[in-house]
Every structure is written in C-alpha cells, then in structure tokens.
Amino acid sequence: MAANNRANFGSKLGIILASAGSAVGLGNIWRFPYETGNHGGAAFILVYLGCVILLGLPIMISEFLIGRHSQASTGGAYSTLAPGTQWKWVGRIGVLTGFLILSYYSVVAGWTLEYILQAATNSFAGKSANDFIASFGAFSSNPWRPLVWLAVFLLATHFIVVKGVEKGIEKYSKLMMPALFVLLLILVVCAVTLPGANKGIEFLLAPDFSKVNGKVFLGAMGQAFFSLSLGMGCLGTYASYFGKNTNLAKTALSVSAIDTMVAILAGFIIFPAAFSVGIQPDTGPSLVFITLPNVFQQAFGGIPVLALILSVMFYVLLAVAAITSTISLHEVVTAYLHEQFKMTRKKAATFVTGSCIFLGIFCSLSLGKTKEYTLFGMGTFDLFDFATTKIMLPFGGLLISIFTGWYLSKKIVKEEITNQGTLKGSIYPYLIFILKYIAPVAISFILINELGFLE
Ligand code: PFF
C-alpha cells in the first residue's frame with residue numbers, strides 16, 4: 001500500500017514538473033516583468049490574475065482532456081476527435097504558432113548563454129547601472145554574437161528533442177525547478193532590501209486603475225496564454241502521455257499556481273531592483289538583462305565570489321527554464337511533421353531547427369542592424385511576439401474553448417474530468433459554463449476591441 005502510494009506520488013510529480021517545465025520559462029522571468037512595467041504595474045497584475053483564473057485554468061483543463069482523450073499530439077488530436085471537419089485547423093494553427101514563437105524565443109534564450117559567460121568571466125564586477133544598459137545595447141545590436149548563441153541554443157534543443165531523453169529532462173527538471181525557486185527567493189530578499197526598493201514594491205502592490213485600458217487587457221490575456229503555454233496545443237500534446245488516473249483539474253491548478261508564483265517572484269526582484277537604481281520599469285525586453293546583473297553587484301559586490309556564483313547560477317537556471325520550454329515548442333512542430341508528412345523524427349527536427357535559426361536571425365537583427373525595417377511599426381522580433389502572443393495564442397484559446405464547450409460530447413468531457421466517474425468532478429458545470437460562454441465572449445471582446453490599434 002505504502003509502496004503504491006509512493007509510486008503514484010512520484011508519477012504525479014513527474015507530470016506536474018514536465019508541464020510546469022514547459023510553462024515556466026522566459027515568459028515568467030523575462031516577459032512578465034517587462035509587460036507589467038509597460039502596462040503600469042499592479043493593475044496589470046490584477047487583470048493578469050483574472051485572466052489566469054478565468055481563461056487560463058479552464059483552457060488548460062480543456063487542452064489536457066483533448067490531449068488525453070485523443071491520445072495524439074495537437075497536430076492529430078482534432079482529426080481524431082472531430083474526423084472530417086475543419087477543426088483540424090486548430091491543431092495546424094497551433095503548430096505554426098509554436099514554430100514562430102520558437103524562432104524569436106530562442107533569440108532571448110541565446111542571450112542567457114551570453115550572460116552565463118559574462119557572469120562566469122566576472123564581467124559584471126564594478127559596473128554601474130548605466131554600464132549594464134550600455135553593454136546590453138552593444139551586445140544585442142552586435143551583428144553576429146547573438147546569432148551564434150541563438151544557433152547554439154537551438155542546436156542544444158535539437159539534440160535533446162532528437163535523442164528524446166524525456167526521462168533525463170524529467171529528472172533534470174525535478175532538480176532544477178526547485179533550485180530556481182530557492183534562488184528566486186534569495187534574490188527577492190536581496191532586491192527588496194536594496195535602498196529605495198519600496199517604490200518598486202509600491203509599483204507592484206498599489207494598483208492605479210486609471211492605467212487600465214484595452215491594451216492592458218490584451219497584454220494580460222496574451223501574457224497569460226504565453227506564460228501558461230496555452231492556445232497552441234503544447235500542454236495537450238504532453239497530456240497525451242498522462243496516465244488514466246491523473247487528475248486533470250488538480251494538475252492544471254498546480255501548474256498554473258507554480259507558473260504564477262514564479263512570475264510574481266520575478267516581479268519582486270526586478271522592480272525593487274530597477275527602482276532602486278532609477279531604471280525605468282518600461283525599459284522593455286532588456287529589463288531583466290540590465291537590472292539583474294546590477295542586483296548582483298549592488299547586493300553582493302562586497303563579496304565578489306558570492307556575486308559571481310549567484311549570478312552564474314541564476315543565468316544557468318534561466319537557460320534551463322528556457323530550454324524546458326523550447327523543447328516543448330520544438331516537440332509540437334517536430335511531432336506534427338513526423339506524423340503528418342511521414343518524415344523521420346530526425347529529419348523533421350532538423351527541418352524545424354534549421355528554419356528556426358533562419359527566422360531567428362531576422363528576429364535578432366531586427367533589434368540592431370535592421371532596426372529601420374518595420375511592418376505595422378514593428379521589427380521582426382516585435383512582430384513575431386505581437387502576432388503570436390497577442391493574436392494567435394488567444395485565438396487558439398478561443399477555438400479550444402468553443403471546441404470543448406460546444407462541439408465535444410459532454411460525456412467525453414465529464415469522463416475525462418472525473419476519470420471515468422472515479423472523481424467527484426464538482427467543477428464540471430462551472431467549467432462548461434466558462435468554456436461555453438465566458439471564455440469565448442471575453443477573448444473575442446478583447447481581440448476585437450484591441451486589434452483596431454494595429455492601423
Ligand atoms: N510558457 C513558456 C514561458 O513562459 O516561457 C513559453 C511557451 C512554451 C509558450 C510553450 C507556448 C508554448 F507552447
């Protein structure tokens with residue numbers, strides 16, 4: 001009995017950590033803080049939390065049940081559950097979204113490798129906030145250095161996807177995820193005790209509702225989908241490997257809670273640190289790469305070895321958090337090409353890696369050398385981020401909620417939520433109500449309301 005319980009717990013933890021590995025990534029520590037900074041702070045966080053609870057959780061449960069019931073990756077799940085219909089496009093759009101996200105996400109993931117190197121060679125020592133701003137600018141606009149890191153990062157992802165070392169990754173995540181969490185807690189303590197940090201804490205805790213407009217809703221909704229890995233079938237693909245007795249609702253709750261906690265902790269590091277040295281919270285994508293090295297210097301500059309160890313550790317863990325996410329993105333596209341076009345897994349993965357390096361080069365250069373080439377006022381990097389996070393993921397989420405709420409047989413939904421009647425499933429009526437009405441209306445409203453500003 002005891003042995004049984006332990007085995008069960010072990011597998012549950014594995015499932016939660018694999019999904020959390022996909023969810024927790026640059027979205028939490030890099031993107032969440034700068035989106036919060038761009039949208040005015042605390043009020044954005046409240047809208048974000050609303051989006052996680054009202055849209056994220058139900059759609060995550062939907063993706064889980066679609067994946068587990070179809071026993072197929074997202075590319076094939078809809079053809080299995082709705083044969084002969086156009087629902088297959090939900091899977092296809094998801095694959096395209098994953099492909100585009102992987103291209104620009106890997107650029108930032110590559111930056112983490114540069115920062116590991118810089119931290120390890122003690123390049124942060126003795127630098128001021130302005131030096132960090134200047135050195136990030138010089139690095140990100142350098143025509144070749146970020147490209148090398150981009151390629152290295154994508155090749156590392158490729159190697160793991162091709163080898164299919166799922167067990168290795170799972171074991172690795174079990175060690176690295178808690179380590180990341182502990183390190184984040186240490187950094188929170190350091191950041192909030194910096195002189196002048198209270199302005200940053202206020203920025204995070206005192207909502208200014210006059211700043212809430214349509215863009216805040218679009219930003220928060222997009223961030224929720226991105227951070228929770230939702231809207232493109234990524235978690236659905238993982239759920240096709242879940243066991244029959246995995247409690248889908250509970251798993252979704254754990255993954256969302258872990259993901260949200262990591263994002264909030266990142267906020268409590270970045271903003272106190274940024275305010276303490278007078279860096280504007282709306283600095284954008286460079287925010288983490290400027291404020292964090294500065295925290296290490298300010299907080300531990302007196303003990304250089306400690307500053308060095310903690311900063312190397314932080315960027316290593318950030319890279320690990322990123323790679324568990326890039327693997328999940330890569331896997332969605334590779335599995336699709338492998339299954340639908342009968343390519344070998346290796347060929348499919350090579351195609352994905354090669355094309356993402358190619359597109360990633362354009363994304364990276366658009367932050368420096370080719371800055372002046374824009375579409376809708378955005379360079380390639382910003383355009384990919386905007387199109388995927390603020391349009392394609394929410395649109396995918398909209399279709400997923402309609403699919404589960406309106407199309408899929410209620411018997412299937414109920415069976416999956418209650419594990420064939422063995423669980424209570426008291427959330428079932430709420431889930432259906434949200435998926436049928438609330439989520440489609442809210443997502444459509446935000447999308448329709450906001451896409452006007454593209455002109
Ligand atoms: N959730 C990841 C992050 O927050 O970094 C990014 C991501 C992974 C988005 C997988 C979408 C996805 F399917």
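The rules behind these values
- Residues numbered from 1 in each chain as written.
- Predicted model: local features only at pLDDT ≥ 70, side-chain atom pairs only at ≥ 80, totals over all residues.
- Heavy atoms only, no water.
- pLDDT = per-residue confidence, 0-100.
- Contact = heavy atoms within 4.5 Å.
- Core = buried A, V, L, I, M, F, W, Y, C linked by side-chain atoms within 4.5 Å.
- Buried < 20%, exposed > 50% of the residue type's maximum accessible area, 1.4 Å probe, protein only.
- Helix = DSSP H or I, 4+ residues; strand = E, 2+ residues; numbered from the N terminus.
- Near = heavy atom within 4 Å.
- Polar contact = N/O pair within 3.5 Å; in protein donor to acceptor, adjacent residues only side chain to side chain.
- Areas by Shrake-Rupley, 256 points an atom, 1.4 Å probe, with all protein chains shown as cover.
- 1 Å grid on protein atoms, 1.4 Å probe; cavity = no way out; pocket = protein on both sides within 12 Å on 5 of 7 lines; lining within 4 Å.
- Sits in = over half its atoms within 2 Å of the grid points.
- Nonpolar A, V, L, I, M, F, W, Y, C, P; charged D, E, K, R; others polar.

Here we come to the confidence of the model for the protein chain. Across the protein chain, the average pLDDT comes to 90, with 95% of residues at 70 or higher. A low-confidence stretch, residues 1-10 stays under pLDDT 50, and its non-local contacts, those more than four residues away or across chains, total 2 contacts.

A separate point is the nonpolar core. Buried together is how nonpolar side chains tend to be arranged in soluble globular proteins. Ranked by internal contacts, the top residues of the largest apolar core, which has 151 residues, are W30, M221, F289, L292, F314 and Y315. Broken down by element, this core gets its largest block of residues, 18 residues, from helix α14 (residues 304-340). Sequence-distant contacts of F289, defined by excluding residues within four places in its chain, comprise W30, V108, W111, T112, Y115, F136 and Y315.

Right, let's get into the side chain of H39. One can find H39 in the loop between α2 (26-38) and α3 (42-70). Given a relative accessible area of 13%, H39 falls into the buried group. For H39, the contacting residues outside a window of four places in its chain are F44, K215, V216, G219 and K390.

Around the ligand, the surrounding shell holds 15 residues, and the nearest of these are A23, G27, Y105, F226 and S229. Note that an oxygen atom of the ligand is positioned 3.1 Å from one of the backbone N or O atoms of L26. Here an oxygen atom of the ligand and a side-chain polar atom of Y105 are 2.5 Å apart. For the ligand, whose free accessible area comes to 340 Å², the fraction covered by protein is 100%. In a pocket analysis with a 2 Å cut-off to the grid points, the ligand is assigned to the largest cavity. In terms of residue class, the shell around the ligand is built from 7 nonpolar, 8 polar and no charged.

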